[in-house]
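Chain by chain, the residues:
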Amino acid sequence: MWRRKLRSLLTIFGIAVGIFAFTVMGSMALRLNKMIAGGKSYITGQITIMPKGSSFGAGGSVLPIDTINNIAKVDGVEAVSAGVELMLEEPDPNNPQMSFGPPPSIEGMDFTSTFENRNWKTLAMKEGHFLTKEDGEDAVAVGITVATDKNLKVGDTTKIRGKEFRVVGIIDQTLTGPDSYVFMPIAPAREMLIASNPFLKSLKEQADQAATISAAALAKLPAATRDQILNAKAFKVEDVNTGASVSWKDGADSEKVAAAIEEQFKDEAQVLSPKKMGELIDKGTAVINAVVLGSAVLALIVGGFSIINTMVMAISERTKEIGIKKAIGASRRSIAWDYTLEAGVIGIVGGLIGMGLGVLVVWLLNAKTSSSGAEIFLLDVKYLAGVVLFSFVLGMIAGVIPAIRASRLKVVQAIREL
């Protein structure tokens, strides 16, 4: 290797490029998988109920409180919790915001429910405590990403959609949804959702106006006008829910409970069972991993062929050396091992250089985006050790065929090269 510095360096460079891509893309895949795994753990720990006609992760419809209360009566259901979700800030069409993972969101919590997710009993806190009923309606617990972005600490006040809130807790990093969530009581979350939705806002205004009309005055109005006012009075703020979460009783089959809810409320709500949601998430994970790691694997294949080419050329140039070794007693196994090990050394040197450069780039990019809590890479010691080991094994495998070819050279033919 040292006698042929340029060729060895070029081959090492080829391996380093592949391992660099494998390190960077793999770190991105680790971050994605960690985020998705956390989301899967949460979503499979409950039965998710959505308004009819809405899509997962998108609003537009509401789930009436009467429907939620009736779902609680289904056999096997332990508890149901209404929920309100909306973006943390009003979207600006002139300045679209990009986020790696779930966007910063408001999560309205129903403290009247005893619901508890099967897989997420509690959230670890970096500071303070998680939101409780006793904290009041002006309190929030924020995820680490939101806290970092807004430079928040426990005890600070922050304005959310025009209203002041006290920060009572900062959630420790989960590498998934809660990092970018602001948890608050459901009442203020409903108010914000109504204020941000022109249709709901109009209904609320009509309901407020209708509430001021007495029964006697209502009776004197024309039938058509009376019907409109009665419809307006039927609007309830408690009906403004973007979804609900259902827990099942111990011993109950979550899939059967979900099927029973779906059968009884198929015209009023969409039901997403834990199994169904887990399968959807698994499909998405497979696609992401294939795309992210595919490019890295291609780079490694190129590096592998580079090693094969280098070793074939090296053996062709060292035919006479191989003949001398065999003439003085070297066995086929020892010759094959020598050249295989040489290829392995090329692989591990290239791997160390590529891994080192990859870690440096990942660290710099994470440091640059950490101020906004938008890190897109995850460094893992076990993964990095595996990358270096893989580069060594790749070199060994790539060097096997040339090494076997070298070991099979005939002594007489090799000596003639002298």
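To be clear, the structure that these remarks concern was listed above.
These numbers were taken from a predicted model, which means no experiment stands behind them.

Engineer: Residues and numbers for the packing of aromatic side chains, please.
Structural biologist: As enumerated under the stated definition, the model contains five aromatic pairs in all. The rings of Phe22, Tyr383 and Phe390 are connected pair by pair, giving a single aromatic cluster.

Engineer: Could you give me a rundown of the pattern of salt bridges, with the residues and numbers involved?
Structural biologist: Per the stated rule, a full pass over the model turns up nine salt bridges. Its salt-bridge partner being Arg166, residue Asp138 comes within 3.2 Å of it at the nearest N-O pair. Remark: Arg166 occurs in strand 7 (residues 163-171) and Asp138 occurs in the loop between strand 4 (125-128) and strand 5 (139-143); sequence separation between them is 28 residues. On the basis of relative accessible area, Asp138 is assigned to the partly exposed category, the value being 33%. Accessibility expressed as a relative area gives 33% for Arg166, which makes it partly exposed. The closest approach of N and O atoms between Glu191 and Lys163, which form a salt bridge, is 4.0 Å. Within this pair, whereas Glu191 is found in helix 4 (residues 186-196), its partner Lys163 is found in strand 7, the two being separated by 28 residues in sequence. What makes Glu191 partly exposed here is its relative accessible area of 46%.

Engineer: Can you tell me about the nonpolar core, naming the residues and giving the values?
Structural biologist: With 44 residues, the main nonpolar core has Ile49, Ile160, Met184 and Ile261 as its most contacted residues. Leaving out residues up to four positions away in the same chain, Met184 has contacts with Ile106, Glu107, Gly108, Met109, Leu131, Ala139, Val140, Ile160, Phe165, Ala189 and Met192.

Engineer: Account for the pairing of strand 8 (residues 181-185), naming residues and giving values.
Structural biologist: For strand 8, the buried fraction is high: five of the five residues fall into the buried class. Taken together, the five bridges between strand 3 (residues 105-109) and strand 8 define a ladder with parallel strand orientation. Opposite Ser105, over in strand 8, you have Tyr181 as the bridge partner. Pairing of strand 5 with strand 8 involves two bridges; the strand directions are antiparallel. Each bridged residue has a counterpart across the sheet, and for Ala141 the counterpart in strand 8 is Phe183.

Engineer: Give me the lowdown on the packing of helix 1 (residues 5-43) against helix 11 (residues 332-369), citing residues and values where you can.
Structural biologist: As a packed pair, helix 1 and helix 11 sit with axes 7 Å apart at the nearest point and diverge in direction by 40°. Considering their axes alone, helix 1 and helix 11 lie oblique with respect to each other. Relative to helix 11, the crossing made by helix 1 is right-handed. Residue composition of the contact of helix 1 with helix 11, by class: 14 nonpolar, eight polar and no charged.

Engineer: Describe the environment of Gly76, naming the residues involved and giving the relevant values.
Structural biologist: When you line up the elements, Gly76 lands in the loop between helix 2 (65-71) and strand 2 (77-87). Given a relative accessible area of 10%, Gly76 falls into the buried group. Taking the C-alpha atoms as reference points, Gly76 and Lys249, separated by 173 residues in sequence, lie 5.5 Å from one another. With near-sequence residues (within four places) excluded, Gly76 lies in contact with Ser247, Trp248, Lys249, Ala252 and Val257.

Engineer: Tell me about the side chain of Asp110, and please be specific about residues and values.
Structural biologist: As for its placement among the helices and strands, Asp110 is situated in the loop between strand 3 and strand 4. Buried within the structure, Asp110 lacks any salt-bridge partner; Arg190 is the closest side chain of opposite charge, at an N-O distance of 6.0 Å. Those residues in contact with Asp110 that lie beyond four places of it in its chain are Ser81, Ala82 and Ile186.

Engineer: So what about the side chain of Asn241? Which residues, and what values?
Structural biologist: Within the element layout of this structure, Asn241 appears in the loop between helix 7 (223-233) and strand 9 (243-248). Setting aside chain neighbours within four positions, we find Asn241 in contact with Pro51, Ser61, Val62, Leu63, Pro64, Ile65, Ile68, Ala82, Gly83, Val84, Ile186 and Arg190.

Engineer: Outline the environment of Ala207, listing residues and values.
Structural biologist: Of note, Ala207 is situated in helix 5 (residues 198-211). Through-space distance from the C-alpha of Ala207 to that of Ala234 is 7.5 Å; in sequence the pair is 27 residues apart. Ala207 has contacts with Ala232 and Phe235, leaving out every residue within four places of it along the chain.

Engineer: Explain unusual backbone geometry residue by residue, including any values.
Structural biologist: Not every positive phi belongs to a glycine, and Asn151 is a case in point at roughly 55°. In this structure, Arg161 takes a positive phi of about 50° despite not being glycine. With respect to the helices, strands and loops of the structure, Arg161 is situated in the loop between strand 6 (157-160) and strand 7. In this structure Arg161 comes out as partly exposed when scored by relative accessible area, which is 28%.

Engineer: Hey, could you go over the packing of helix 5 against helix 7 for me, with residue numbers and the actual values?
Structural biologist: Two measures define how a pair of helices packs: the angle their axes make with one another and the distance between the axes. Orientation of helix 5 relative to helix 7, taken along the N-to-C sense of each, is 110°, at an axis distance of 8 Å. By the angle between their directions, the pair helix 5 and helix 7 is classed as roughly perpendicular. Our pair here, helix 5 against helix 7, has a crossing hand that is left-handed. Together, Gln206, Ala207, Ala210 and Ala211 of helix 5 and Ile229, Ala232 and Lys233 of helix 7 make up the contact between the two elements.

Reading the values: the criteria
- Residues numbered from 1 in each chain as written.
- Predicted model: local features only at pLDDT ≥ 70, side-chain atom pairs only at ≥ 80, totals over all residues.
- Heavy atoms only, no water.
- Phe/Tyr/Trp six-rings, centres within 6.5 Å; stacked < 30°, edge-to-face > 60°.
- Salt bridge = Lys/Arg side-chain N within 4 Å of Asp/Glu carboxyl O.
- Helix = DSSP H or I, 4+ residues; strand = E, 2+ residues; numbered from the N terminus.
- Buried < 20%, exposed > 50% of the residue type's maximum accessible area, 1.4 Å probe, protein only.
- Core = buried A, V, L, I, M, F, W, Y, C linked by side-chain atoms within 4.5 Å.
- Contact = heavy atoms within 4.5 Å.
- Pairing = 2+ DSSP bridges.
- Axes fitted to C-alpha atoms, helices over the stretch in contact; angles between N-to-C directions.
- Parallel < 35°, antiparallel > 145°, perpendicular 65-115°, else oblique.
- Left-handed = near helix turned anticlockwise from the far one by under 90°.
- Nonpolar A, V, L, I, M, F, W, Y, C, P; charged D, E, K, R; others polar.
- Lys, Arg positive; Asp, Glu negative; His and termini not counted.

It is worth stressing that arrangement in space is one thing and function is another; only the former is reported here.
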